[in-house]
Amino acid sequence: QYLLILHTGCTLTRFWCAGEIAAAHCNKVPIIRVRCEDAVDIDNELLEGLEAMWTSDQVEDLHHAGLTATDVGAAYKTLQGDPQYALNRFDEAELHKVPEAVSRACLAHAHFTSRNSRVEPEAFDTYDKQVGILRPVGDAETRVAASVFWHVSSGRGLPVVLIDLRDKEATVGLGAVVVILSCTCLRDPLFAAQLVLA
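Numbering of residues starts from 1 in every chain and runs along the sequence as written. At least 70 in pLDDT is required for a residue's local features to be given in this predicted model, at least 80 for side-chain atom pairs to be given and counted, and no such filter applies to totals for whole chains, interfaces and linings, which use all residues. Side-chain metrics in this entry use all non-hydrogen atoms of the structure; hydrogen atoms and water are not considered.

K.L.:
I would appreciate a short explanation of the pattern of salt bridges in the present structure.
P.N.:
Here, a salt bridge means any side-chain nitrogen of Lys or Arg that lies within 4 Å of a carboxyl oxygen of Asp or Glu. Throughout the structure, instances matching the rule amount to two salt bridges. With its nearest N and O atoms 3.1 Å apart, the salt bridge here joins Arg-35 to Asp-41. Burial status follows relative accessibility: with a 1.4 Å probe on protein chains alone, a residue under 20% of its type maximum counts as buried, one over 50% as exposed, and anything between as partly exposed. Classification of Asp-41 by relative accessible area gives partly exposed; the value is 47%. Across the pair Arg-166 and Asp-164 runs a salt bridge whose closest N-O atoms are separated by 3.1 Å. Exposure remark for Arg-166: the relative accessible area of 63% places this residue in the exposed category.

Shown next, in the form of structure tokens:
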């Protein structure tokens, strides 16, 4: 298993992201960092101000998970230096090229886990029709996530396709539709239209 980090301008300051990164580091899970165009450098100022970024309740939640701000700082230090990959999320060419490279790097050991999913990934193997992935247009993070999902799934031989939200016939004949929820997709009228059609 790998932890894939989309390193944007907010990733390292988000409490839950910090906890996931620290937990992966403490459990020796390999981390792949994709630096996005607005990423913040991991410098001493960031590392020294970690605990001050979060509320006392959030720090307490970290402690309940067996983690501390020191653990977060140690994990962040391993991410310093040149990232394995760089990505401009608004460059359509890179949006295909980088996820494919990341997926190929992971495929030797990659498998899907269903810890937070209600559907076993192996269930997709039973479909004799294609599985469509709804990819919001305006949400850069979700577009990257959808592309990674597509590349890894295709590498496993699953019949997955990315759905163009502007194509009113895109969901016709599909065996299933995968929805990657984000904070903006539910406000995307094209996304809503495709969901209704599906």
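K.L.:
Is there a simple way to think about empty space enclosed by the protein in this case?
P.N.:
Empty space left among the atoms is revealed by rolling a probe the size of a water molecule over them. As defined here, a cavity is a set of points on a 1 Å grid over the protein atoms alone where a 1.4 Å probe fits but cannot get out. A pocket is an open set with protein on both sides within 12 Å along at least five of seven lines, and residues line them when an atom is within 4 Å of a point. Grid points are joined across faces, edges and corners, and a volume is the space filled by probe spheres set on the points. One pass over the structure, following the stated rule, counts one cavity of 30 Å³ or more. Counted as a void, the largest cavity has a volume near 40 Å³. Leu-4, Leu-6, Val-34, Leu-87, Val-98, Pro-99, Val-102, Val-144 and Val-148 together form the lining of the largest cavity. If you list the elements that add at least two residues to the lining of the largest cavity, you get strand S1 (3-7), helix H5 (92-106) and helix H6 (140-155). Helix and strand definitions here come from DSSP, where helices need a minimum of 4 consecutive H or I residues and strands a minimum of 2 consecutive E residues; each element is numbered from the N-terminal end. When residues of the lining of the largest cavity are assigned to their parent elements, the largest contribution, three residues, is made by H5. Residue type decides the class: Asp, Glu, Lys and Arg count as charged, Ala, Val, Leu, Ile, Met, Phe, Trp, Tyr, Cys and Pro as nonpolar, and the leftover types, Gly among them, as polar. Its residues assigned to classes, the lining of the largest cavity comprises nine nonpolar, no polar and no charged.

K.L.:
Can you help me understand the packing of helix H1 (residues 15-26) against helix H4 (residues 69-77) in this one?
P.N.:
Angle between the axes and distance between the axes: these two values describe a pair of packed helices. Every axis in this analysis is a line fitted to C-alpha atoms, fitted for helices over the stretch in contact. Angles between the N-to-C directions lie between 0 and 180 degrees. Between H1 and H4, the least distance of the axes is 8 Å, while the angle of their chain directions is 75°. As summarised for this structure, H1 and H4 are arranged roughly perpendicular, according to the angle between their axes. Facing Ala-18, Ile-21, Ala-22, His-25 and Cys-26 of H1, the residues of H4 in contact are Asp-71, Val-72, Ala-74, Ala-75 and Tyr-76. Any angle from 65 to 115 degrees is called roughly perpendicular, while one under 35 is roughly parallel, one over 145 is roughly antiparallel, and all others are oblique. Here a residue-residue contact requires only that any non-hydrogen atoms of the pair lie within 4.5 Å.

K.L.:
Can you help me understand the nonpolar core in this one?
P.N.:
Proteins that are soluble and globular tend to have nonpolar side chains buried together. Put simply, a nonpolar core is a bunch of buried Ala, Val, Leu, Ile, Met, Phe, Trp, Tyr and Cys residues held in one set by side-chain atoms that sit within 4.5 Å of each other. Counting 20 residues, the largest nonpolar core has Ile-21, Ile-42, Trp-54, Val-72, Tyr-76 and Leu-79 as its most contacted members. Those elements that provide at least two residues to this core are H1, helix H2 (44-48), helix H3 (56-64) and H4. Take this core: its biggest share by element is five residues, from H1. Contact partners of Leu-79, with chain neighbours within four places excluded, come to Ile-5, Ile-21, Ile-31, Arg-33 and Ile-42.

K.L.:
Got a minute to help me understand the sheet that holds strand S6 (residues 176-179) in this structure?
P.N.:
Each strand in a sheet pairs with another by means of backbone hydrogen bonds, the pair being arranged parallel or else antiparallel. The three strands are arranged S5-S4-S6 in an open sheet whose pairing can be described as parallel. Taken across any chain shown, the strands that pair with only one partner, and hence form the sheet edges, are strand S5 (160-163) and S6. When strand polarity is set aside, the average angle formed by the axes of neighbouring strands in this sheet is 30°. When DSSP finds two or more bridges between two strands, those strands count as paired. Pairing geometry for strand S4 (residues 131-134) and S5, over four bridges, is parallel.

K.L.:
Explanation requested: the environment of Val-102 in the structure shown.
P.N.:
Structurally, the position occupied by Val-102 is in helix H5. For Val-102, a relative accessible area of 3% gives the class buried. Expressed as a C-alpha distance, the spacing of Val-102 and Arg-33, which sit 69 residues apart in the sequence, is 9.4 Å. Setting aside its immediate chain neighbours within four residues, Val-102 contacts Leu-4, Ile-32, Val-34 and Tyr-85.

K.L.:
Looking at this model, I keep getting lost on a nonpolar patch on the surface. Mind explaining?
P.N.:
Patches in this entry comprise residues that are over 30% relatively accessible and not in a salt bridge; like charges within 9 Å are linked, as are nonpolar side chains (Val, Leu, Ile, Met, Phe, Trp, Tyr) within 5 Å. Only the protein chains shown count as cover for residues, with accessible areas throughout obtained via the Shrake-Rupley method and a probe of 1.4 Å. Together, Val-179, Leu-181, Leu-186 and Leu-195 make up an exposed nonpolar region whose accessible area comes to about 380 Å². Position of Val-179 among the secondary structure elements: in strand S6. Under the relative-accessibility criterion, Val-179 is labelled partly exposed at 33%.

Read these as geometric descriptors, not functional statements.
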